[in-house]
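Residue-level structure breakdown
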Amino acid sequence: MFDHACSRRQFLGFAGGLAAVAGLGLAGCGGDTASAGSAAAEGSTVAGTVTYDGASSFQALVEAAAEQFMNDNPDVSITGSGNGSGTGLTAVADGTVTIGNSDVFAETKLEADQCADLVDHEVAVVGMGPVVSKNVTVDDLTIEQLAGIFSGEITNWSEVGGEDAAIYVLNRKSGSGTRATFESAVFGGEAPAWDGAAAELDKSGDVVTQVGSTDNAISYLDFSHFDEESFTAIKVNGVEPTSENVYDNSFPIWATEHMYCKQDADEATTAFLEYMLSEDVQGSLVEEQGFIPVSKMTVVKDAEGNVSEK
C-alpha cells in the first residue's frame, strides 16, 4: 500500500547493530553515509546546516544530541522546533526541514506519494501515561475508564473512585504524535468525535504547565516530562508507568520515536542521524533524557499499533 521507503525501519539488531550501522551508514538516506559518519566521529570534515521539526516529546533528546554533535563538529549548525509530529512529517516531505521527528509512522500521517522517498530511523522508545492534578485522589485507571473520560462519557471523578468534582480534560491538538499514540492505546485507533475538552494544547510543555496549575485536571505526557512535584503520574490497569514496564508491553502506552530524512539527504543530516544511532547517544544519552533504547525492548509495534515479540 505504501512505498517501502516509508515503511518501518528497524535497528539492525543491537547485538552488533551499532557496529553494523557504523559500517553501513544510514542506507537509503543519501550520500556517502559511511564516509560522512567517519568524518563525524573524527570531528574533522563534516559541515553544513541541519534543520528539524516535529514531535515535542523527544525534542529535548534531539537537542542534547545536537549539542554534543556540534561540539565535535563545529562547522555543523543544527536548529529546530517541536511543533508536533504531523507538522514535522509534512515539513520533511516538503523539504522545508531536513529531518522530521515523529512519535508515529509517517504513513499514518502522510499520503503515499508524500513519504515515498522518506527514510525512517528509529532512535528510541517513549513511554507515555495519564497525569492528574495533585488534588486528584485517583491513582489508577483502566483503559476503559480512560476511554470514558477522553470521550466525554465519564465527567466526574466520583465515577472512577475519586471525589465529587468535574473532570477537567486537557487534550493535545490534532496532529500531535503523543495524542495519536494515546488514542491508539486507549481507543484502538482514533478517539470518537468529542469537543468537551477544556483545552487542546500544542506541546508537552503546555500540558506540564496546565496540569500543574489546575485542579481536577487530567491529560497525558511522555515519561521524560513527568514531574512528581507538579502533578501525579497514575497507573494504568494497575501497572506503574515505568520504563521497565514498557519493555514487554506490560504498560501499554508507548511509541517508537522516529527521525525521517529524504533519501538524498545532505552529508550533515546523514552524519547527525548516524550519530543518533551511535553508542554516544544510545549508550547513555537516551536513558539520561528519560527514554528507552530500542535494544532493551522485547517487543515491537507496527504502524497499525500491533505489538509482537522481537
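Residues numbered from 1 in each chain as written. Predicted model: local features only at pLDDT ≥ 70, side-chain atom pairs only at ≥ 80, totals over all residues. Heavy atoms only, no water.

1. Points about the layout of surface pockets
Note the following rule: Both cavities and pockets are sets of points on a 1 Å grid over the protein atoms alone; in a cavity a 1.4 Å probe fits but cannot get out, in a pocket the set is open with protein on both sides within 12 Å along at least five of seven lines, and lining residues sit with an atom within 4 Å of a point. Grid points are joined across faces, edges and corners, and a volume is the space filled by probe spheres set on the points. A helix here means a DSSP run of H or I that spans at least four residues, while a strand means a run of E at least two residues long, and both kinds are numbered starting from the N terminus. The residue classification treats Ala, Val, Leu, Ile, Met, Phe, Trp, Tyr, Cys and Pro as nonpolar and Asp, Glu, Lys and Arg as charged. All others, Gly included, are polar.
Looking at the largest pocket, its volume works out to about 640 Å³. Lining of the largest pocket is provided by 33 residues; of these, V104, T108, A180, T181 and S184 occupy positions nearest its centre. Put simply, the parts of the chain that give the lining of the largest pocket at least two residues each are α6 (177–187) and β11 (254–262). Among the elements that line the lining of the largest pocket, the one with the most residues is α6, at 6 residues. A breakdown of the residues in the lining of the largest pocket according to their chemical character gives 12 nonpolar, 11 polar and 10 charged.

2. Here we look at the environment of D117
Quick reminder of the rule: Partly exposed residues are those whose accessible area sits between 20% and 50% of the maximum for their type, while under 20% is buried and over 50% is exposed, using a 1.4 Å probe and protein chains only.
Following the sequence through the fold, D117 ends up in the loop between β3 (99–102) and β4 (118–133). The exposure class assigned to D117 is partly exposed, which follows from its relative accessible area of 29%. Distance from D117 to C261, taken between C-alpha atoms, is 8.5 Å for residues 144 residues apart in sequence.

3. Observations concerning the confidence of the model for the protein chain
What counts here: Values of pLDDT, which run from 0 to 100, indicate the predictor's confidence residue by residue. For this analysis, residues touch if any pair of their heavy atoms sits within 4.5 Å.
Looking at the protein chain, pLDDT values average 87 and 86% of them are 70 or higher. Scored below 50 in pLDDT, residues 1–43 makes 102 contacts in the model with residues more than four places away or belonging to other chains.

4. Brief notes about the packing of aromatic side chains
The line we're drawing: A pair of Phe, Tyr and Trp rings is counted when the ring centres sit within 6.5 Å of each other, with Trp represented by its six-membered ring. The angle between the planes then sorts it: under 30 degrees is stacked, over 60 is edge-to-face, the rest tilted. Note on geometry: a ring has a charge over it if NZ (lysine) or CZ (arginine) is within 6 Å of the ring centre and within 35 degrees of the ring normal.
Per the counting criterion, the structure on display carries 7 aromatic pairs. Between F69 and Y275 the ring centres are 5.4 Å apart and the planes differ by 55°, which places this aromatic pair in the tilted class. Here Y275 lies in helix α9 (residues 267–276) and F69 lies in helix α3 (residues 59–72), a separation of 206 residues in the sequence. Here F69 matches Y275 in class, with each residue buried. Ring pairs connect the aromatic residues F69, F272 and Y275, which therefore count as one cluster. One cation-aromatic arrangement involves K301 over W254; the distance from NZ or CZ to the ring centre is 4.1 Å.

5. Some details on the side chain of R179
The criterion, for reference: N or O atoms within 3.5 Å of each other form a polar contact, as long as, within protein, one can give a hydrogen and the other can take it, and as long as residues adjacent in sequence are counted only when both atoms are side-chain atoms.
With respect to the element layout, R179 can be found in helix α6. Taking relative accessible area as the criterion, R179 reaches 16% and is therefore assigned buried. At 2.6 Å, the side chain of R179 forms a polar contact with the backbone oxygen of R172. A distance of 2.8 Å separates polar atoms of two side chains, one belonging to R179 and the other to E183. Every residue in contact with R179, bar those within four places of it in the chain, is listed here: N171, R172, K173, S174, E200 and Y220.

6. Points about α6
The complete set of buried residues in α6 reads G177, T178, R179, T181, F182, E183 and V186. Two to three positions downstream of the cap, the backbone nitrogen of T178 sits 3.2 Å from a side-chain oxygen, assigning the N-cap of α6 to S176. Within two residues after α6, G188 carries a phi angle of roughly 75°, on the positive side.

7. Quick notes on helix α5 (residues 143–151)
With 7 of its 9 residues buried, α5 lies for the most part within the structure. Considered for burial, the residues of α5 that qualify are I143, L146, A147, G148, I149, F150 and S151. Considering only its buried residues, α5 is in contact with β4, β5 (140–141), β6 (168–172), α6, β8 (217–222) and β10 (235–236). Immediately downstream of α5, the backbone of G152 shows phi near 90°, a positive value.

8. Side note on the pairing of β4
Residues in a regular strand point their side chains to alternate faces of the sheet. We count it as follows: A pair of strands is labelled paired if DSSP reports no fewer than 2 bridges between them.
Of all 16 residues that make up β4, 16 are buried, and the element is covered over most of its length. Note: β4 against β11, 9 bridges, orientation antiparallel. Within the sheet, the bridge partner assigned to V125 lies in β11 and is T256. As defined by bridge partners, β4 adjoins β8 across 5 bridges and the pair is classed as antiparallel. Note that in β8 the partner of P130 across the bridge is Y220.

9. Here's the deal with empty space enclosed by the protein
A full pass over the atoms with the stated rule returns 2 cavities of 30 Å³ or more. Reported here for the second largest cavity is a volume of approximately 40 Å³. Every residue lining the second largest cavity is listed: F150, N171, R179, F182, E183, F187, A191 and Y220. With 4 residues, α6 is the largest single contributor of residues to the lining of the second largest cavity. In terms of residue class, the lining of the second largest cavity is made up of 5 nonpolar, 1 polar and 2 charged.

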